[in-house]
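In case you want the letters, here they are:
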Amino acid sequence: MQAWVIGNWKQNPATSRDVDALLNDLVTALETQVPADTALSKNRCKLMIAPSCIHLAAVSTRLKDSSVLCAAQNISEHSASTGAYTGDCSAQQVADSGATWTLLGHSERRQYHKESHHSLVKKLSHALAQNLGVVLCIGETQTQYDDKQTLEVIDTQLSVIKDLLAQQPELVSSLSEQLIIAYEPVWAIGTGKVPTVEEVSKTHEHIKQTVAEFTKTTEGTTVLYGGSVNMANADAFAADPMIDGALVGGASLKAESFLAIANAFNQANTELV
Ligand code: PEP
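Counting restarts for each chain, with residues numbered from 1 along the sequence as it is written. This being a predicted model, a pLDDT of at least 70 is required before a residue's local features are given, and a value of 80 or more before pairs of side-chain atoms are given or counted; all residues contribute to the totals for chains, interfaces and linings. The side-chain figures draw on all heavy atoms in the structure; neither hydrogens nor water molecules are used.

Caption draft 1: The sheet that holds strand E8 (residues 245–248), seen in detail. Around the barrel, which closes on itself, the eight strands sit in the order E1-E2-E3-E4-E5-E6-E7-E8 with parallel pairing between neighbours. Within the sheet, the average angular offset between the axes of one strand and its neighbour, ignoring direction, is 25°. Pairing of strand E6 (residues 179–183) with strand E7 (residues 222–226) involves four bridges; the strand directions are parallel. In the strand pairing of E7, Ile181 is matched with Val223. On the sheet, helix H5 (residues 117–129) packs against strand E4 (101–104) and strand E5 (133–138) and is oriented at approximately 175° with respect to E4. Strand pairing is defined by DSSP finding a minimum of two bridges between the two strands. Numbering goes from the N terminus for both helices and strands, where a helix is a DSSP run of H or I of at least four residues and a strand is a run of E of at least two. Think of each axis as a best-fit line through the C-alpha atoms, taken over the contacting stretch in the case of a helix, with angles from 0 to 180 degrees between the N-to-C directions. Whether two residues are in contact is decided by their heavy atoms: any pair within 4.5 Å suffices.

Here you go:
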């Protein structure tokens, strides 16, 4: 299984200069610190970065000749292309900036921007129409976890895919290559708290089964874990065959920790080959 490690930079860094510095660290480390014959250089673990919208074009350009992909953190719900939607950025604009993927449904967008099921169906449709891959983020809150509602919550969140396919069955073929699910318990994001690997593994198994029931093309969908992944705990997550990679927030803001996490998944994948 192809492993993925994706950095969600959120509303960071503060300046273009800081963006350049972080990218330089990352690209230099990839070019110079990774011997040519290692798994990392063979691209076993795919890397992707999701910067702020304002930095998308610069990051895409800087990463053009590298193996690292660039993603938006969100796209407009209202139009896939242009329109009178002040403050929005469309799937077409994101694709034009050079990015090839977008995150959708991150818990911070669900919480602060009231991103709903209905808007996510539209955003998924817009992304795929513009040939952008989608990293669909799902996960339960602390209360839902305590009430043992994790699987129920996840099933509801995953049903955006089913609803999209009911509305636009022609998109079915896009989903095999252009859909990644990121399971991110809300209570684990930025808190330093993590579920056990066994819990994540069982939840991922459930996600894979659920998504496989939608259509043949979503059999074998990549499922990443996100929530306080760092250099110290990455090996344990990477060792579980149900965990295909990580969506990383805080630890993606330093090249060293981001690449250490990527390396953990590379090692684990190499051992599985
Ligand atoms: C995230 O925001 O997607 C995330 C996983 O953040 P962190 O790694 O900081 O918990």
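Caption draft 2: Seen up close, the nonpolar core. Of all hydrophobic cores here, the largest spans 68 residues; its most connected members are Ile161 and Phe265. Here the element with the most residues in this core is helix H11 (residues 255–272); it accounts for eight residues. Once residues within four sequence positions are removed from consideration, Phe265 is found in contact with Ala3, Val5, Cys45, Ala234, Phe237, Ala238, Ile243, Asp244, Gly245 and Ala246. We define the nonpolar core as a collection of buried residues of types Ala, Val, Leu, Ile, Met, Phe, Trp, Tyr and Cys that are connected through side-chain atoms lying within 4.5 Å of one another. Type-normalised accessible area, obtained with a 1.4 Å probe on protein chains alone, sets the label of each residue: buried when under 20%, exposed when over 50%, and partly exposed for intermediate values. Of all hydrophobic cores here, the second largest spans 13 residues; its members include Ala50, Trp101, Leu103 and Val135.

Caption draft 3: Region of the structure containing the packing of aromatic side chains. Each aromatic pair joins two rings of Phe, Tyr and Trp (for Trp, the six-membered one) with centres within 6.5 Å, and gets the label stacked for planes under 30 degrees apart, edge-to-face for over 60, and tilted for any other angle. This structure, assessed with the given rule, holds four aromatic pairs. Counting every residue linked through ring pairs, the aromatic cluster contains Tyr183, Tyr225 and Phe237.

Caption draft 4: How the structure looks around the pattern of salt bridges. By convention in these notes, a salt bridge is any Lys or Arg side-chain nitrogen within 4 Å of a carboxyl oxygen on Asp or Glu. What the rule picks out here adds up to seven salt bridges. Of the charged contacts, one joins Glu115 and Lys123 as a salt bridge, the two residues approaching to 2.3 Å between their closest N and O atoms. What makes Glu115 buried here is its relative accessible area of 8%. With a relative accessible area of 5%, Lys123 lands in the buried category. Across the salt bridge formed by Lys202 and Glu198, the nearest N and O atoms sit 3.6 Å from each other. In this pair, Lys202 and Glu198 are both assigned in helix H9 (residues 197–214), four residues apart and thus about one turn of the helix distant. Like Lys202, the residue Glu198 is exposed in the burial classification. Linked by salt bridges that have partners in common, Arg109, Glu115 and Lys123 make up one network.

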